Amino acid sequence: MKDWNAGRIPGQDGRVAVVTGANSGLGLSTATELARHGARVVLAVRDLDAGARAVAEIRTSAPRAELEVRRLDLASLDSVKEFAGDLVADHPVVDLLVNNAGVVLLGQRRTTTDGFELHFGTNVLGHFALTGLVLDALERAEAARVVSLSSLSHQNAVLDFGDLMSERDFDASRAYGRSKLGNTVFGLELDRRLRTWESSVISAIAHPGLTGTNLTPRAWEDRGLLGRVIARTYLLQTQPVERGVLPQLYAATAPGVRSGQFFGPSGRGEKRGHVAEVRPSAEAANPAVGTRLWAAAQDLTGVTYL
């Protein structure tokens with residue numbers, strides 16, 4: 001994997017790829033590379049105007065790309081259900097689902113349309129529901145993959161099943177870390193269940209290390225001048241998006257990827273570097289945690305599968 005880069009992505013002709021949060025950052029870079037290599041890419045975005053701008057940007061390097069923009073608000077289960085229903089009606093076979101979108105807002109506690117804590121509801125429950133609603137279309141593909149996006153912040157997080165919505169003791173950075181732990185647990189538990197069902201669908205996980213995206217300044221927007229200074233200082237330590245996106249592109253496209261594998265940067269602390277297989281935290285890898293999260297997610301979303 002040491003020398004792997006986007007130029008080594010195999011041809012994706014004939015494949016339908018869905019990328020959540022595809023209008024900026026890692027999602028836009030993922031959508032761009034998949035389109036360059038021949039995939040029909042569905043940009044699943046909350047803001048259709050931002051999606052249209054992303055399409056225009058992708059076409060500057062892939063003028064013949066097959067692209068669709070569809071509205072998806074992961075903070076609304078109704079939106080997730082509408083998106084999935086329309087998607088599967090138009091694309092009965094889906095080859096790739098990249099659960100890339102994420103929100104991080106380091107201010108006061110906020111909730112989704114359905115009353116869930118914003119980080120957990122969007123990052124975890126929205127993607128849990130989406131995957132379940134699209135799973136039949138993934139099963140119809142010859143070698144489908146689901147890629148879940150983790151983060152270094154998952155490493156020190158612990159899921160409090162007595163307070164998944166952080167109602168008792170809210171801390172924004174802790175809530176974000178728990179949501180990224182939730183994404184990691186989900187990806188690993190999805191793998192266990194797919195293998196139990198002898199499914200051909202692969203569930204892989206990836207994290208970008210320290211990568212400079214527009215999420216950082218947005219995260220600190222409630223903190224005024226101090227927040228802007230902190231955000232700029234953080235961005236000085238990061239690698240460019242073109243490097244940070246490689247683990248998820250590898251998980252999505254590289255030959256030989258096995259279900260349950262986790263990819264990230266190879267450098268010290270997994271902050272930057274070449275693509276490598278990395279280890280999830282002990283909490284993330286614990287099957288008992290996976291079972292509890294799955295049960296909770298099914299109960300909260302009403303979406304039941306596997």
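Computed from a predicted model, the values in this text were never measured in an experiment. One numbering rule holds for all chains: residues counted from 1, following each sequence as written. Thresholds applied to this predicted model are a pLDDT of at least 70 for local features of residues and 80 or more for the giving and counting of side-chain atom pairs; totals over whole chains, interfaces and linings are not thresholded and use all residues. Only hydrogens and water are removed before side-chain values are computed, so all heavy atoms of the structure are retained for them.

Q: Just checking my understanding: could you explain the overall build of the protein for this structure?
A: Along the backbone of the protein there are 11 helices and eight strands. Within the protein, the proportion of its 306 residues that are buried is 58%. Looking at the protein as shown, the accessible area adds up to about 13200 Å², and 48% of this sits on carbon and sulfur atoms. A positive count includes Lys and Arg, and a negative count includes Asp and Glu. His and the chain ends are not counted in either. Charged side chains are reduced to one point each, which is NZ for Lys, CZ for Arg, CG for Asp and CD for Glu. Across the protein, the 34 positively charged side chains and the 34 negatively charged ones have centroids separated by 7 Å. Secondary structure counts use DSSP, requiring at least four H or I residues in a row for a helix and at least two E residues in a row for a strand, with both numbered from the N terminus. For every residue, the accessible area obtained with a 1.4 Å probe (protein chains only) is divided by the maximum for its type, and the residue is called buried under 20%, exposed over 50%, and partly exposed between those limits. Throughout, the Shrake-Rupley method with a 1.4 Å probe supplies accessible areas, and for residues the shown protein chains are the sole cover considered.

Q: I'm lost on the pattern of salt bridges in this one. Help?
A: Side chains that differ in charge, positive against negative, can pair when their charged atoms come close. Should a side-chain nitrogen of Lys or Arg be within 4 Å of a carboxyl oxygen of Asp or Glu, the pair is scored as a salt bridge. In this structure the tally under the stated criterion is 11 salt bridges. Residue Arg70 is joined to Asp90 by a salt bridge in which the shortest nitrogen-to-oxygen separation is 2.8 Å. Taken together, the residues span a long stretch of sequence, with Arg70 in strand β3 (residues 66-71) and Asp90 in helix α3 (residues 77-90) at a distance of 20 residues. Overall, the relative accessible area of 16% leaves Arg70 in the buried class. On the basis of relative accessible area, Asp90 is assigned to the partly exposed category, the value being 49%. Where salt bridges share partners, they join Arg40, Glu66, Glu68, Arg70 and Asp90 into one cluster.

Q: Honestly, the pairing of strand β7 (residues 262-265) in this entry has me stumped. Any pointers?
A: Looking along a regular strand, one sees the side chains alternate between the two faces of the sheet. Strand direction decides the pairing type here: strand β6 (residues 202-206) and β7, joined by two bridges, are parallel. Residue Ala206 lies in a different strand from β7, and its bridge partner there is Phe263. Strand pairing is assigned whenever DSSP identifies at least 2 bridges connecting the two strands. Here three bridges tie β7 to strand β8 (residues 275-277), and the two strands are oriented antiparallel to one another. Its bridge partner lying in β8, Pro265 is registered against Val275.

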